[in-house]
Amino acid sequence: MSVNKVILVGNVGKDPEVRHLDSGVAVANFPLATSESYTAKNGERVTTTEWHNIVLWRGLADVAEKYVTKGRQLYIEGRIRTRSYDDKDGNKRYTTEIYGDVMQMLGSKDSGPTSEPGGGSMETPRTSTPQLSEPDIDTPEGDDDLPF
């Protein structure tokens with residue numbers, strides 16, 4: 001048995017790009033930034049940001065097209081997928097993406113969960129949704145400034 005599960009809480013880097021395949025299926029793509037902060041041994045506060053390529057299909061893509069905008073804080077559950085493609089010069093390239101199965105918009109006023117038919121689900125924002133903050137991580141004793 002194996003598990004491929006990703007949970008992210010971050011901010012949307014740009015408005016989703018949504019396209020519709022010949023079959024009518026919607027696909028949304030957008031970057032999501034997650035940040036981690038810690039205090040280095042010299043007392044300086046350090047923040048590192050990781051960018052994730054998010055891919056949403058069908059109903060979730062439709063919701064992203066209507067409601068997700070740059071800067072919006074999202075909760076995403078999904079799985080990691082790496083795929084290859086040939087660039088315009090014929091070189092093989094690889095990209096790693098997060099295929100989202102669940103999306104929750106954080107910090108909004110709407111309420112009530114909805115489900116996407118045919119897989120995937122989306123929880124719409126709730127008024128009582130707490131804002132998640134970055135954890136404080138102190139660096140261990142050692143020669144480097146890494147938090148682990």
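This structure is a prediction, so every number in the text was calculated from the model and none was measured.

How each quantity is defined
Residues numbered from 1 in each chain as written. Predicted model: local features only at pLDDT ≥ 70, side-chain atom pairs only at ≥ 80, totals over all residues. Heavy atoms only, no water. pLDDT = per-residue confidence, 0-100. Contact = heavy atoms within 4.5 Å. Pairing = 2+ DSSP bridges. Helix = DSSP H or I, 4+ residues; strand = E, 2+ residues; numbered from the N terminus. Phe/Tyr/Trp six-rings, centres within 6.5 Å; stacked < 30°, edge-to-face > 60°. Buried < 20%, exposed > 50% of the residue type's maximum accessible area, 1.4 Å probe, protein only. Lys NZ or Arg CZ within 6 Å of the ring centre and 35° of its normal. Core = buried A, V, L, I, M, F, W, Y, C linked by side-chain atoms within 4.5 Å. Salt bridge = Lys/Arg side-chain N within 4 Å of Asp/Glu carboxyl O.

### Looking at the confidence of the model for the protein chain
Predicted confidence across the protein chain gives a mean pLDDT of 80, with 72% of residues reaching 70 or more. Predicted confidence for residues 109–146 stays below pLDDT 50, and this span has 78 contacts to residues more than four positions away or in other chains.

### Details of the pairing of strand β2 (residues 17–20)
Here β2 runs beside strand β3 (residues 26–39); their pairing, made up of four bridges, is antiparallel. Each residue of the ladder has a partner; that of Glu 17, found in β3, is Asn 29. Count of turn residues in the β2/β3 antiparallel hairpin: five residues, of which Gly 24 carries a positive phi of about 95°.

### A look at the packing of aromatic side chains
With the rule as written, the count across this model stands at one aromatic pair. Here Trp 57 and Tyr 99 contribute two aromatic rings whose centre-to-centre distance is 6.2 Å and whose plane-to-plane angle is 45°, an arrangement assigned as tilted. Linking Trp 57 in strand β4 (residues 45–57) with Tyr 99 in strand β6 (residues 92–105), this pair joins segments that are 42 residues apart in sequence. Owing to a relative accessible area of 14%, Tyr 99 belongs among the buried residues under this scheme. Geometry around Tyr 99 places Arg 81 over its ring, the cationic atom sitting 5.0 Å from the centre.

### Remarks on the nonpolar core
Leu 32, Ile 54, Leu 56, Val 68, Leu 74, Ile 76 and Met 103 are the most contacted members of the largest nonpolar core, which has 19 residues in total. Elements represented by at least two residues in this core include exactly β1 (6–12), β3, β4, α1 (58–67), β5 (73–86) and β6. Residues in contact with Leu 56, not counting those within four places in the same chain, are Ala 26, Val 27, Ala 28, Phe 30, Ala 61, Ala 64, Gly 100 and Met 103.

### Focus on the side chain of Glu 77
As for its placement among the helices and strands, Glu 77 is situated in strand β5. Look past the residues within four positions of Glu 77 in its chain and what remains in contact with it is Lys 5, Val 6, Ile 7, Tyr 99, Gly 100, Asp 101 and Val 102.

### Quick notes on the pairing of β5
Where β1 and β5 come together, six bridges link them in antiparallel fashion. Its bridge partner being in β5, Asn 11 is matched across the sheet by Gln 73. Pairing of β5 with β6 involves 13 bridges; the strand directions are antiparallel. Within β6, the position partnered with Asp 86 by the bridge is Lys 92. Linkage of β5 to β6, two consecutive antiparallel strands, is achieved through a turn of five residues, within which Gly 90 is found at a positive phi near 85°.

### Comments concerning the pattern of salt bridges
It is possible for side chains bearing opposite charge to pair when their charged atoms get close. Applying the stated criterion to the full structure yields five salt bridges. A salt bridge links Glu 17 to Lys 14, with the nearest nitrogen and oxygen atoms 3.0 Å apart. Residue classification places Glu 17 among the partly exposed positions, given a relative accessible area of 46%. Residue Lys 14 is classed as partly exposed on the basis of its relative accessible area of 40%. For the salt bridge of Asp 101 with Arg 79, the shortest nitrogen-to-oxygen distance reads 2.6 Å. Residue Asp 101 is found in strand β6, and its partner Arg 79 is found in strand β5; the two are separated by 22 residues along the sequence. On the basis of relative accessible area, Asp 101 is assigned to the partly exposed category, the value being 29%. The exposure class of Arg 79 is partly exposed, given its relative accessible area of 28%.

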